[in-house]
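Examination of the molecular architecture
Chain by chain, the residues:
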Amino acid sequence: MRNFRTYFKFLSRNKLYTIVNITGFSISLMFVFLLGIYVIQELSVDKFHEKKDRIYLLVNSTDIASVSNPVGDYVQSKLPEIESYTRVLSRNVNFKYGETNTFYEAMFADSTFFNIFSFDLIDGNPDNVLKSKQNVVLTQSFANKIFPDINPLGKTFQVDDIEVIVSGIMKDFPSNTHLPECDFILNYGLITNYWGEDILQDWGNSSFVTYLLLKEGADINSKKDFLLELFKQDYWVYEMGYYDEVTFVPVDEIYFNNFSTGNIGFNSNSKSLIYIYFAITILILMVAILNYINLTVSQSSFRGKETAIRKLLGSSQKSIISQFISESIMMALLASVLGILLAFAAKPFFNNIMSTNLDISQYVTPLNILIVITGIVVIGIVSGLFPAIVVSQFKPIEVVKGTYKLKVKTLFSKVLITFQYLVAISLLICSIFLIKQTNYLKDYNLGYDTGKVFVMKNIFDQEKIEGLKNELFKIPGVENVSYSAGTPFDGGNNQSFEYEGEPLSFQVFQVDSAFFDVYGIKLFPFEDINGNSVWVNQQGLNALHLDSTNRSFKYWDQDLYISGTTNDFNFRSLHTPVGPSLIIYYSELNYRPWHISVKIASSANTFETADRIKETYTEYSNGELFDSFFADEVIQKQYEGENKISKIIIAFTVLTIIILMMGILAMSLYYVNQKEKEIAIRKANGAKEKEIIYMLNMNFIKWIIVAFVLAIPLSYFAMQKWLESFPYKISLTWWIFIMAGIVIILLSAVFVTLQSWKTATSNPVNALKNE
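Parameters at a glance
- Residues numbered from 1 in each chain as written.
- Predicted model: local features only at pLDDT ≥ 70, side-chain atom pairs only at ≥ 80, totals over all residues.
- Heavy atoms only, no water.
- Helix = DSSP H or I, 4+ residues; strand = E, 2+ residues; numbered from the N terminus.
- Buried < 20%, exposed > 50% of the residue type's maximum accessible area, 1.4 Å probe, protein only.
- Contact = heavy atoms within 4.5 Å.
- Areas by Shrake-Rupley, 256 points an atom, 1.4 Å probe, with all protein chains shown as cover.
- Expected span 1.5 Å × (residues − 1).
- Arc of directions from axis to C-beta.
- Core = buried A, V, L, I, M, F, W, Y, C linked by side-chain atoms within 4.5 Å.
- 1 Å grid on protein atoms, 1.4 Å probe; cavity = no way out; pocket = protein on both sides within 12 Å on 5 of 7 lines; lining within 4 Å.
- Points joined across faces, edges and corners; volume = space filled by probe spheres on them.
- Axes fitted to C-alpha atoms, helices over the stretch in contact; angles between N-to-C directions.
- Left-handed = near helix turned anticlockwise from the far one by under 90°.
- Salt bridge = Lys/Arg side-chain N within 4 Å of Asp/Glu carboxyl O.
- Pairing = 2+ DSSP bridges.

This part covers the overall build of the protein. The number of helices and strands found in the protein is 24 helices and 21 strands. The burial tally for the protein puts 51% of its 771 residues in the buried class. Across the protein, contacts joining residues at least 24 apart in sequence account for 80% of those joining residues at least 6 apart. Summed over all atoms, the accessible surface of the protein reaches about 35300 Å², with 55% contributed by carbon and sulfur.

Turning our eyes to something else, we now look at helix 15 (residues 462–473). Over its twelve residues, helix 15 extends 18 Å from the first C-alpha to the last, a length consistent with the 16 Å expected when each residue adds 1.5 Å. Residues I465, L468, K469 and L472 constitute the buried set of helix 15. Looking down the long axis of helix 15, one finds its buried residues gathered within 105° of arc, a one-sided arrangement. On its buried face, helix 15 sits against strand 11 (453–457), strand 12 (478–485), strand 20 (595–600) and helix 18 (606–620).

Our next topic: the nonpolar core. In terms of nonpolar packing, the biggest core is built from 106 residues, with Y277, Y421, Y519 and I648 touching the most fellow members. It is helix 14 (residues 411–443) that provides the largest number of residues to this core, a total of 15 residues. Ignoring any residue separated from it by four or fewer positions in sequence, one finds Y421 in contact with L660, I664, F700, I704, A707, I744 and S748. Counting 41 residues, the second largest nonpolar core, distinct from the first, contains L79, Y85, Y235 and L504.

Right, let's get into the layout of surface pockets. Each pocket or cavity is described by its volume, and for the second largest pocket that value is around 920 Å³. Lining of the second largest pocket is provided by 29 residues; of these, F33, I37, N368, I371 and V372 occupy positions nearest its centre. If you list the elements that add at least two residues to the lining of the second largest pocket, you get helix 2 (15–43), helix 9 (271–298), helix 11 (317–354) and helix 12 (366–392).

What follows deals with the packing of helix 15 against helix 18. When two helices pack together, their arrangement is given by the angle between their axes and by how far apart the axes lie. At a closest axis distance of 10 Å, the pairing of helix 15 and helix 18 adopts a crossing angle of 145°. The interaxial crossing formed by helix 15 with helix 18 has right-handed handedness. Contacts between helix 15 and helix 18 pair K464, G467, L468, E471 and L472 from the former with I613, T616, Y617 and Y620 from the latter.

In total, this model carries 15 salt bridges according to the counting rule given. When the shortest N-O distance is used, the salt bridge between D120 and K171 registers 4.0 Å. A residue pair is termed long-range when its members are at least 10 positions apart, and D120 in the loop between helix 4 (113–116) and strand 4 (121–123) and K171 in the loop between strand 7 (162–170) and strand 8 (184–187) qualify at 51 residues. Look at D120 and you get partly exposed, because its relative accessible area is 43%. With a relative accessible area of 44%, K171 lands in the partly exposed category. A salt bridge links K599 to E479, with the shortest nitrogen-to-oxygen separation between them at 3.5 Å. You can see K599 sitting in strand 20 and its partner E479 sitting in strand 12, a full 120 residues away along the chain. Linked through salt bridges whose partners overlap, the residues forming this network are R54, E83 and E216.

Further remarks concern the pairing of strand 7. Of the strand pairs in this sheet, strand 4 and strand 7 are connected by two bridges, and their pairing is antiparallel. Within strand 7, the position partnered with D123 by the bridge is I169. Two strands pair when backbone bridges link them, and strand 5 (residues 135–139) and strand 7 are joined in this way by five bridges, in the parallel orientation. Looking across to strand 7, one finds that N135 is bridged to I165. Connecting strand 6 (residues 156–159) to the next strand, strand 7, in antiparallel fashion are two residues, including D160 with a positive phi near 50°.

Right, let's get into unusual backbone geometry. Trans is the common state for peptide bonds, and a negative phi is the common state for residues other than glycine. With phi around 60°, K452 is a residue other than glycine that occupies positive phi space. On the secondary structure map, K452 appears in the loop between helix 14 and strand 11. Phi is positive for H545, which is not a glycine, with a value near 55°. With respect to the helices, strands and loops of the structure, H545 is situated in the loop between helix 17 (538–544) and strand 17 (552–555).

Following this line, the structure appears as structure tokens:
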């Protein structure tokens, strides 16, 4: 206990060391706790399903998991290993109950859904809760919102004017599943109200997903080749050569694949990105530990007298090491408590930048608490072991002579500080390139305009559309209005067909004449256009092997004649290169538009005009609700992943630099104190203040230069590998590497100069009067 009192007295006397150590450690551990829980949560996605080892998603190519509706029945009839299957899709639907008339997110699923997946039912039998076409299962939060004071079972409401009856209540979808969150689940049979009665038997529409439940002990992967041969005989997309493989993806791996899934959007994440976050977590912990070790070693000479006295009083080296490790564990425990409190405080910020919902409380279990305490003790031991060994090796006679200060400057400390500089410079370089690439994607010329384009989901039949257009043109600030089946940012409708024996896949858009003006798509006509026309982009023209003189091609059972080309606008995110597109322009509206796109004049107030547009739309539809958004918002959402990683890297970079600079501030103080007599002698011999400051700075700058040389190839390789996945990317310009090194050098120079200025300008007599 006496030794601990001595330690606390030491901490109170060395406030800078105490503040730097506790602050750096606690902030670092806050990041470790948050990122660690995030990594654990992400890697646990869909692990909770009791039958997870038997649930597989049917995938028909490396990135496409959409098949026809009859495929589930077909596969089950051909493979005895299949016990059951379910199909799911999600859709934003109009909900009506009493005075409530709004849009909610619905999921459609087969009656087998709750027997395959382990989503908890509060009320209802999983065997029959979705048995009837009119059945609906509500999530708990939705049930409490709509039916707060009554039992909702047996209640009816309308979904897109279809009456359904509540047959069950389920717990809300957990955050650790690939399936998107919804408000209620409807029977899959209701999709016939949107696609027609034939959709459940239609092999032509391959835009639905199917899960397979295997029988106990079945090996589905051994049947891949067998099923592929069957598909080549009976499934047209395989017969025509669009797909040439069949894959079964385990349910707990779906989240880590970015599948194209037609009528449902899966939650997804990159497993490599999760591993990057895990590596960052370990790196943060290493930086915190190394900073503690470096600071403790750098000031260990100030505890030399205490160590010498204890040795003279009979303490063994083992007891001294044990004492210093105990102090380190105490420091780690204190920093951990502060780190946990900071983690709870920073959780909303973390959830925002990571687009997640971190639930720290669910991990507060006796086992996890024991694991955390054990981990903290290990961190304390690791952090305190080397300083303990250094301090315990002091010899009392050297303390008396005052020569022990000269031996504290070990090569190990220089290696540690160099490593910290290496991490800081590398992260700074990577952060700058991450920001540049993210901004490059956001600002890239997509080949069409998104600024001031307001988009609404169309809910009207053809006969009402022209009337709405006339009403919209009456609004000041509305420049143009377009009706289209497909927009540049949603990719239109994919159509695969065979042309001259070659399978082709085009994105097809059905548009009116205003479409090209609203989105600023450039046209390059081959002739004067009158009436209906067909346009392809340059990629499409190349895929069809056509030119301005040879312009006709067979599209299914139609002979189409190309009127001209468009620029190669990006109808997908910039993660994929531009593919072929086909735009069919109709002079008269003879198709059902999906969206209404309104171009707002540059001089108009964007948001006020958008509000007027929504009011007009609502009045014209007699209060019917609809989806609306700005086109540029959709584009921004396409790069949430890059935004997320750049934000976390930037936060980690700032944290690392702050910890590093705090450490430099403390270390420079002790370094200057050790050099106090040498500085006094130099001044007595005529050295100027700037020469003294230059000498003190160079002791740190030379290690920064070493770290900078090592950081260049490390960060260059990391960024080059990351950028490989982007078809559109920045170049790794040399000046960013130089700038990052200069920034760290300048910051270090400022902090060292702050500490050395007082000593450099002091009277040398004060330092030498006792010699």
